[in-house]
Amino acid sequence: MSDYAIEMSGVSKWFGRKVVLSGVTLNVERGKTFAFLGRNGAGKTTSIRLLMGLLHRSDGAVRVLGLDPEVDPLLVRDRVGYLAEDQTMYGWMRVEEIVRYIAPFYTSWDHDLARMYLGEFELPLRTKIKHLSKGQNVRLGLVLALAHRPELVILDDPALGLDPIMRKQFNRDLITHLQGEGRTVFYSSHLLYEVEPIADEVAILDNGRVLRQSGTEELRADVKQLIVTPQGATQIDARRVLDQRPDGEEVALVVDNAAALTQQLSERGELRKVVDLNLDEIFEAYVVGKKPADDALPAQSPLPTPA
Ligand SMILES: Nc1ncnc2c1ncn2[C@@H]1O[C@H](COP(=O)(O)OP(=O)(O)OP(=O)(O)O)[C@@H](O)[C@H]1O
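Values in this document were obtained by computation on a predicted structure and should not be read as measured data.

Taken together, the six bridges between strand β8 (residues 201-206) and strand β9 (residues 209-215) define a ladder with antiparallel strand orientation. For Asp206, the partnering residue across the bridge sits in β9 and is Arg209. As consecutive antiparallel partners, β8 and β9 are separated by two residues, and within that stretch Asn207 has a phi angle of approximately 50°, a positive value.

In structure tokens:
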């Protein structure tokens, strides 16, 4: 059995001439909580729909719990708990009716667990779905996604319809509960400050490409802001710089794999300060960072790029 719950290798997706995913490769280890980060339109939902076998990929390979979702979509859906971003449910059904209706589709549906979630999420059993609030709808979607005790839970921006209190509860209680049970959780989000304390691993997706996949701690250890002298800034290989801006008399640079560079700059007396960044700041540097202008590229002998 593979150690990975999700494997995507060189996955591309295009709609007509529009390329939406381009060579996406990522691996999600079993039992981990994995946050899939990206701005609006980055390709998160498209990737998730490929994982669920709801779309055909144009290129590459996908495995979900060892299965190809295009070949075995029903097996995948039986073992995965999926919450869609824009789930449309049967509005005319009551909450208790949809739970009864969905249950037989799953071989391992747990009625007691469904009842427990319905109670915890304070869902009104006799209310018609069309009369639920957005937050209640998301919570109902979660009940339907989780009551068959899936090995893997895929949530597409679950916090989107929840208010701040509910979101906190979702992150603190629900994800922690799933983590405690050893489930793999893969969820897309753009609320980075909420992802940071709970995700073991993150991938940053931008314009259909994975810019970086890493353990959350490792990413914070690798990506730093360096305050350096203007002279020091010109010695750095511009390809390594994610973001560069003036900082008083000095220059503030955000770089990945900062350790080696920090040492080199420090030995040359060009380093003033190393600043830790949070996930929000790292994401921003990667996705909208201001790269050094070409004319600022070092003319000669830049500090070498570490392997
Ligand atoms: N069926 C389709 N036909 C053409 N383009 C599509 C189709 N589905 C998605 N796209 C485009 O693919 C791009 C990625 O969309 P996707 O919904 O995957 O992004 P996302 O990261 O989930 O964004 P959001 O956070 O806003 O939900 C967008 O530009 C979208 O317009």
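This paragraph deals with the sheet that holds strand β4 (residues 59-64). The strand order across the open sheet formed by three strands is β2-β1-β4, and the pairing between neighbours is antiparallel. Each edge of the open sheet is held by one strand with a lone partner, namely β2 (18-29) and β4. Geometrically, the sheet is characterised by an average inter-axis angle of 20° between neighbouring strands, direction not taken into account. Bridge count for strand β1 (residues 4-15) against β2 is eight bridges, and the pairing is antiparallel. Paired with Ile6 across the two strands is Val28, which belongs to β2.

Here strand β10 (residues 224-228) runs beside strand β12 (residues 250-255); their pairing, made up of five bridges, is antiparallel. Looking across to β12, one finds that Leu226 is bridged to Leu253. In terms of strand pairing, strand β11 (residues 241-247) meets β12 through six bridges, oriented antiparallel. Counterpart to Val241 in the pairing with β12 is Val255. Connecting β11 to the next strand, β12, in antiparallel fashion are two residues, including Gly248 with a positive phi near 60°.

Quick notes on the rules
Residues numbered from 1 in each chain as written. Predicted model: local features only at pLDDT ≥ 70, side-chain atom pairs only at ≥ 80, totals over all residues. Pairing = 2+ DSSP bridges. Helix = DSSP H or I, 4+ residues; strand = E, 2+ residues; numbered from the N terminus. Axes fitted to C-alpha atoms, helices over the stretch in contact; angles between N-to-C directions.

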